[in-house]
Amino acid sequence: MVNTEPTPPKASVMAGRGYYSRHSEPQGAAAAPGFGYLAAAAAAVPLPAERFAPITIADYGCAGGTNEVRPMEILLEGLRTRRPSTPINVLHTDLPENDFGSLFALLADPARSYPTGREPVYPTWNRTLAEFLAPFEPGGALSGALEVVEHRFDITDDARAYPQFASDGDAETFAAAYTAFARAITEPSFFRWLRTDRPSGERDRIIADFYRDLQARIAADPVTATCHWRVATLRIRRPA
Ligand SMILES: C[S@@+](CC[C@H](N)C(=O)[O-])C[C@H]1O[C@@H](n2cnc3c(N)ncnc32)[C@H](O)[C@@H]1O
């Protein structure tokens, strides 16, 4: 039989653009004997003392994610069974050049992902300054086409975007405004996971309850709730 698949794209340690994900059955099979250990760990790991404090699962070396699905399902099922109220963060790590596009596509695909249908998925990747600058450096994808004239790296404090809070410290007013900001950037992503056959009134109620609870938490501890963004600003130009 003729192999019609193109040769693997160059990438990180593993081939990119989904090639490794489509051709890593042996690695998946090799990991399977350890699944019993994962189930045992999920049953035994101490849960946070505080009922709603999160627990984090760290996955080191995720590649495109295909072989991470079953292990994550085992851990999530084990932890959920013990205490459904505990929020669970799943942290997938790999090298900066990794095929994260394939990972994110997998996580958002209801047919393939481990959280879909049960949890909202909000994949993010926060670049370091070095990662922002890398494409412009010799050998980088933009090298020769664009150059960085100057750059800066700042740590901002969202509280300063709300002069009212800075001046009077009124946590309730701040929480209302900051919840609206959070809602503007999260509602479509979080709540598209609600079952579409729910009556719309029920959907609205779930969303309203979520943001009401968030607002109460922000009001109770506004300093912790405020984001301190790491912002890279680059002034770039075409070389003369
Ligand atoms: C053999 S692959 C396994 C991928 C996947 N977990 C699986 O089972 O199919 C090993 C992965 O580890 C990643 N890796 C290597 N060194 C790493 C490091 N220092 N930190 C994070 N990931 C690393 C590689 O880029 C590669 O994607």
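Residue indices follow the written sequence of each chain, beginning from 1 at its first position. Where totals are concerned, whole chains, interfaces and linings use all residues; where local detail is concerned, this predicted model gives features only for residues with pLDDT of at least 70, and gives and counts side-chain atom pairs only at 80 or more.

Caption draft 1: A look at the overall build of the protein. Summing up its helical and strand segments, the protein has 10 helices and 4 strands in all. The helix count covers DSSP runs of H or I at least four residues long, the strand count covers runs of E at least two residues long, and both are numbered beginning at the N terminus. Listed by position from the N terminus, the elements making up the protein come as α-α-α-β-α-β-α-α-β-α-α-α-α-β. Structurally, the protein occupies a C-alpha span of about 70 × 60 × 35 Å along its principal axes. Within the protein, buried positions represent 13% of all 240 residues. In the protein, the share of contacts with a sequence separation of at least 24, taken over all contacts with a separation of at least 6, comes to 73%. With C-beta atoms placed from the backbone, a residue is buried if 20 or more other C-beta atoms are within 10 Å of its own, exposed if 12 or fewer are, and partly exposed between those counts. Residues are treated as contacting if the C-beta atoms built from their backbones sit within 7 Å of each other.

Caption draft 2: Just the site of the ligand, in detail. Around the ligand, 16 residues are found, and the nearest of them are Val13, Gln27, Gly61, Ala63 and Asn67. Residue composition of the shell around the ligand, grouped by class: 7 nonpolar, 7 polar and 2 charged. Each residue gets a C-beta atom placed from its backbone. If that atom is within 6 Å of a molecule or strand, the residue is near it. In this classification, the charged set is Asp, Glu, Lys and Arg, the nonpolar set is Ala, Val, Leu, Ile, Met, Phe, Trp, Tyr, Cys and Pro, and all remaining amino acids, among them Gly, are polar.

Caption draft 3: Just helix H5 (residues 100-107), in detail. Regarding H5, the residues found buried are Phe100, Ser102, Leu103, Leu106 and Leu107. Mapping the buried residues of H5 onto a view down its axis gives an arc of 160°, with all of them on the same face. Residues of H5 that are buried in the fold lie against helix H1 (19-22) and strand S2 (88-93). By construction, the arc corresponds to the directions joining the helix axis to the C-beta atoms.

Caption draft 4: Spatial organisation of the nonpolar core. The biggest cluster of nonpolar side chains holds 9 residues, and these are Met14, Ala15, Tyr20, Cys62, Ala63, Phe100, Leu103, Leu106 and Leu107. With 4 residues, H5 is the largest single contributor of residues to this core. Excluding anything up to four places from it in sequence, Ala63 contacts Met14, Tyr20, Ser21, Asp94, Asn98 and Asp99. Linking buried Ala, Val, Leu, Ile, Met, Phe, Trp, Tyr and Cys residues through C-beta atoms within 7 Å yields a set, and such a set is a nonpolar core. Counting residues in each nonpolar core, the second largest holds 6 residues, with Phe165, Tyr178, Ile218 and Ala225 among its members.

Caption draft 5: Expanded view of the domain arrangement of the protein. Those domain boundaries reflect an automatic or database domain assignment. Domain boundaries assigned for the protein yield domain 1 (19-125) and domain 2 (127-240). Just the C-alpha atoms count here: the centres of domain 1 and domain 2 sit 24 Å apart. Across the boundary between the two partners, domain 1 contributes 4 residues, which contact 5 residues of domain 2. Along the lines of polarity and charge, the residues of the side of domain 1 that touches domain 2 split into 4 nonpolar, no polar and no charged.

Caption draft 6: Focus on the environment of Tyr19. Relative to the elements of secondary structure, Tyr19 occurs in helix H1. Along the backbone, Tyr19 and Arg235 are 216 residues apart, and their C-alpha atoms lie at a distance of 35 Å.

Caption draft 7: Summary view of the pairing of S2. One requirement defines pairing of two strands: DSSP has to find at least two bridges between them. In terms of strand pairing, strand S1 (residues 55-60) meets S2 through 6 bridges, oriented parallel. Looking across to S2, one finds that Ile55 is bridged to Ile88. Taken together, S1, helix H4 (residues 69-82) and S2 constitute a β-α-β crossover, and its handedness is right-handed. Note on handedness: a crossover is taken as right-handed if, strands pointing away from the viewer, the path from the first strand over the helix to the second is clockwise.

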